[in-house]
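Overview (structure and organization)
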Amino acid sequence: MKNAVFIDHLSVTREKTGILHDISLSVDQGLVVGLLGPSGAGKTTLMQAIMGLVRPASGHVTVLGETAGSKALRPQIGYVTQSPSVYLDLTVRENLRYFGAIAGTSTAREDRVARDVHLNEHAGQLVASLSGGQRARVSLAVALLGHPRLLVLDEPTVGLDPVLRQELWQQFHDLADGGVTLIISSHVMDEASRCDSLILLRDGRLLATGSPAELTRGTRTRNIEDAFLKLVETTK
Amino acid sequence: MSPRRTFATAGRVLKQLRHDPRTIGLILLVPSILMIILKYVFNDASASFQQLAPMILGIFPFAVMFVVTSIATLRERTSGTLERLMTMPMAKLDLLLGYGLAFALVAVAQGLLAGAITLGWLGVTVEGGAVHMLTVAALSGLVGMTLGLFSSAFARSEFQAVQFLPAFVFPQLLMCGLFVPRAQMAQLLRWISDVMPLTYVVDAMKQVTLYSAWTGQLVRDLFVMAAFVVGALILGAATLKRTR
C-alpha cells in the first residue's frame, strides 16, 4: 500500500447543494501535501471527508487502506480543525493529559509534544489565557499525541509570526521524513512552495494536482498563484 | 468502551468545574440558600414547609443538572472538541458515562449540603433518613443530566439552551404533584404527568418522607427514574453523530 489517501469520484452534497464535485486523487505516503484554494473552495469539506466526518453522496475515500471513518483508523489519524478544538477552561497540560488518556499515550509523550510546539513554558496556563496562535499550537500538539500516520491540518499557520511559521513547516517536514503523511490546507498561495505536492481546489472541483515545479512548468508560469489563475482560465 | 476513558472524561469534567469556582459555589450554595428562604417564607406554617421541603430537595438536582449539562454538551458540540473526540479512539458511551459520573458526584455533594441544612438546621424530618434521600437526589440529578444532554442537540445557541429550562422543566414542575396532588388535576394533565420523570422524583421523595422502609412504591419510582436515565442516554448517544 503506497497511497496514504485514495479518493475515487467523490461528491459531497449538503442541503441539496453540491460542495464537492467528482473528485479523484491520490496522496503518497510520507509527503507534505498542500491543499490550496480560495475560501469556500471546499477544502474543509474535503478534509472532513478524509477524516470520515462527512458521508459522501457518491464515490469512495480510502485512508491508509481502510474506508474513511472506519474504527481501525481512529488511532492512526490526527485532525486539527481551523478553530482550536481544545478545552479553553483547562490548562495546556490538562488538555494534553485528557486527550492523551483517550489516545492511550504516556505523560512523557505529552511533555514531548508540548516542547515540540514550544508550549512547555505555558503548560500550566489556562488555554483561555493564551493568544490565538498559541491556542492553535495546543490543538496541533493534541493531534501529534498518538503518533498519527496521517495528519490533516486545516489552516494551521494562520496568524502565526514568521519565525514560528518557519519552525512549524520544518517540523512538518521532519514528521514526513519519519513516514507521516501531512495534508495541510491554506488559502495563502505562497505557502505552496513549502509543500512536496499540491492539490488545487476551486468551487468544489479539482483544478490540478502535482508538485509545485510540475504545476508551474505545466502552465508555463513562475509561481503557484499565476499557475492557479492560468488553470482557472483554461478550465472555463 | 473502556473504564480508563470513562474515568479520564469524568476527571476532565471535574477539572473544568474546578477552574470555575463561581459555578461550583452557585451549584452547591443556591439550593441551600433557597431552602433557608423557603423556611422563612412559610415562617409560622411549618407543617407546610415540612411537607414541601423534601420534594423540593428532589427537584433541585434535576433542574440544576439539566441546565449545567445542556450548556456543557452544547459547548462540546460547538467548540469542535466533540468532533475531535469522535475522530479519536473513543466510544460514545465513554463520553456519556464520564459526564454522568462527574455530575452524579456534583449532585450528591449538592444533596449532602442542602440535605444537611434542611434536616439538621431547618428541622425537617424524613422517616427514610439520609441514605434514601440522597439516593433519590442523585438519581434525580442523573435524570436531569441525561435529559439535558439529549435536549442540547436541539439548541443552536446557549440562549436557546437556557430557554429549555422553562420549556422542559417548568411544565413538569407544575404537574409533578408539588403544588396540587396529582389526583386533583384535570384528567388530561394527569395522563401527561404519568410520563414525566419529575413526577417520579417527587413521588419518591414523598415516600422517603413518610416511610422508613424501601417501600414498593419507592422502588418502583427509582426504577422508573433509572429507565428515564437509560432511555435519555440512548437518545443522547444517537445525537452524538460521528458523520454528517
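About the thresholds
- Residues numbered from 1 in each chain as written.
- Chains lettered and ligands numbered in written order.
- Predicted model: local features only at pLDDT ≥ 70, side-chain atom pairs only at ≥ 80, totals over all residues.
- Heavy atoms only, no water.
- 1 Å grid on protein atoms, 1.4 Å probe; cavity = no way out; pocket = protein on both sides within 12 Å on 5 of 7 lines; lining within 4 Å.
- Points joined across faces, edges and corners; volume = space filled by probe spheres on them.
- Helix = DSSP H or I, 4+ residues; strand = E, 2+ residues; numbered from the N terminus.
- Nonpolar A, V, L, I, M, F, W, Y, C, P; charged D, E, K, R; others polar.
- Buried < 20%, exposed > 50% of the residue type's maximum accessible area, 1.4 Å probe, protein only.
- Polar contact = N/O pair within 3.5 Å; in protein donor to acceptor, adjacent residues only side chain to side chain.
- Contact = heavy atoms within 4.5 Å.
- Axes fitted to C-alpha atoms, helices over the stretch in contact; angles between N-to-C directions.
- Parallel < 35°, antiparallel > 145°, perpendicular 65-115°, else oblique.
- Left-handed = near helix turned anticlockwise from the far one by under 90°.
- Buried area = accessible area lost by both parts, 1.4 Å probe.
- Salt bridge = Lys/Arg side-chain N within 4 Å of Asp/Glu carboxyl O.
- Core = buried A, V, L, I, M, F, W, Y, C linked by side-chain atoms within 4.5 Å.

Points about empty space enclosed by the protein
Per the counting criterion, the structure on display carries 2 cavities of 30 Å³ or more. Approximately 90 Å³ is the volume attributed to the largest cavity. Forming the walls of the largest cavity are 13 residues, and the residues nearest its centre are Val80(A), Ala136(A), Arg137(A), Leu140(A) and Pro156(A). Broken down by element, the lining of the largest cavity gets its largest block of residues, 4 residues, from helix α4 (residues 132-144) of chain A. When grouped by side-chain class, the residues that make up the lining of the largest cavity number 7 nonpolar, 3 polar and 3 charged. The volume enclosed by the second largest cavity comes to roughly 80 Å³. The wall of the second largest cavity is formed by Pro31(B), Leu57(B), Phe60(B), Pro61(B), Gln110(B), Gly111(B), Ala114(B), Gly115(B), Met133(B), Leu134(B), Ala137(B) and Met205(B). Secondary structure elements with two or more residues in the lining of the second largest cavity: α3 (46-78), α5 (92-121) and α6 (129-151) of chain B.

Remarks on the side chain of His132(B)
Residue and element names in this part refer to chain B. Within the element layout of this structure, histidine 132 appears in helix α6. Judged by relative accessible area, which is 8%, histidine 132 ranks as buried. Here glycine 128 takes part through its backbone oxygen, which lies 3.2 Å from a polar atom of the side chain of histidine 132. Apart from the residues within four sequence positions on either side, histidine 132 is in contact with Val208, Ser212, Ala213, Trp214 and Leu218.

Points about the packing of α5(B) against α6(B)
Residues and elements named next belong to chain B. At their nearest, the axes of α5 and α6 sit 8 Å apart, and the two run at 140° to each other. Our classification of the angle between α5 and α6 gives oblique. Between α5 and α6 lies a crossing whose hand is right-handed. Within the contact between the two elements, α5 uses Leu96, Tyr99, Gly100, Phe103, Ala104, Ala107, Val108, Gly111, Leu112, Gly115 and Leu119 and α6 uses Met133, Leu134, Ala138, Gly141, Leu142, Met145 and Leu149. When the residues that make up the contact of α5 with α6 are grouped by side-chain class, the tally is 14 nonpolar, 4 polar and no charged.

A short note on the interface of chain A and chain B
With 32 residues of chain A in contact, the opposing surface of chain B contributes 26 residues. Roughly 2600 Å² is buried in total at the junction of chain A and chain B, and carbon and sulfur atoms are behind 53% of that figure. The three residues of chain A that bury the most area against chain B are Leu53(A), Arg74(A) and Ile102(A), which together make up 27% of that side's buried surface. Viewed at the interface, chain B and chain A are joined by 2 salt bridges. Arg18(B) is the salt-bridge partner of Glu94(A), the closest N and O atoms lying 3.3 Å from each other. The tally of links between chain A and chain B comes to 12 residue pairs in polar contact (both at pLDDT 80 or more). Of all elements in the fold, only α1 (43-51), β6 (77-80), α2 (92-103) and α4 of chain A reach the threshold of two or more residues within the side of chain A that touches chain B. The leading source of residues in the side of chain A that touches chain B is α2(A), at 6 residues.

Structural notes on the environment of Asp196(A)
All names here are of chain A. Counting through the fold element by element, aspartate 196 comes out in the loop between β8 (181-186) and β9 (197-202). Residues aspartate 196 and valine 80, 116 residues apart in the sequence, show an inter-C-alpha distance of 20 Å. Here aspartate 196 is in contact with Leu31, Val32, His173, Ser211 and Pro212, once residues within four sequence places are set aside.

Quick notes on the pattern of salt bridges
Tallied over the entire structure, the rule returns 12 salt bridges over all chains. Ionic pairing is found between Arg165(A) and Glu191(A), a salt bridge with its closest N-O pair at 3.2 Å. Of the two residues, Arg165(A) is situated in helix α5 (residues 162-177) and Glu191(A) in the loop between β8 and β9; the sequence distance between them amounts to 26 residues. Its relative accessible area of 24% is what places Arg165(A) among the partly exposed residues. Among the charged side chains, a salt-bridge network with shared partners connects Asp89(A), Arg75(B) and Glu158(B).

Digging into the nonpolar core
Note that soluble globular proteins tend to have their nonpolar side chains buried in a common cluster. Grouped together as the largest cluster of nonpolar side chains are 115 residues, with contacts concentrated most on Tyr98(A), Phe99(A), Phe172(A), Leu182(A) and Phe103(B). Element by element, the count of residues in this core is highest for α3(B), at 15 residues. Among residues more than four places away in sequence, those in contact with Phe99(A) are Ser85(A), Val86(A), Tyr87(A), Val142(A), Leu145(A), Arg84(B), Leu85(B) and Met88(B). Grouped together as the second largest cluster of nonpolar side chains are 31 residues, Val33(A), Val61(A), Leu150(A) and Val152(A) included.

Here's the deal with the layout of surface pockets
Empty space within the second largest pocket amounts to approximately 660 Å³. The wall of the second largest pocket is formed by 27 residues, among which Asp89(A), Gln16(B), Ile71(B), Ala72(B) and Arg75(B) lie closest to the centre. At the level of secondary structure, the elements contributing two or more residues to the lining of the second largest pocket comprise α1 (3-18), α3, α5 and α7 (158-175) of chain B. At 6 residues, α3(B) tops the list of elements feeding residues into the lining of the second largest pocket. Residues belonging to the lining of the second largest pocket are distributed by class as follows: 15 nonpolar, 5 polar and 7 charged.

Concerning the packing of α2(A) against helix α3 (residues 107-116) of chain A
All names here are of chain A. Look at α2 against α3: their axes get within 10 Å of each other, and the N-to-C directions meet at 130°. Taken together, the axis directions place α2 and α3 in an arrangement best described as oblique. The handedness of the crossing between α2 and α3 comes out as right-handed. In contact with Leu96, Arg97 and Gly100 of α2, α3 contributes Thr107, Glu110, Val113 and Ala114. The residue makeup of the contact of α2 with α3, split by class, is 3 nonpolar, 2 polar and 2 charged.

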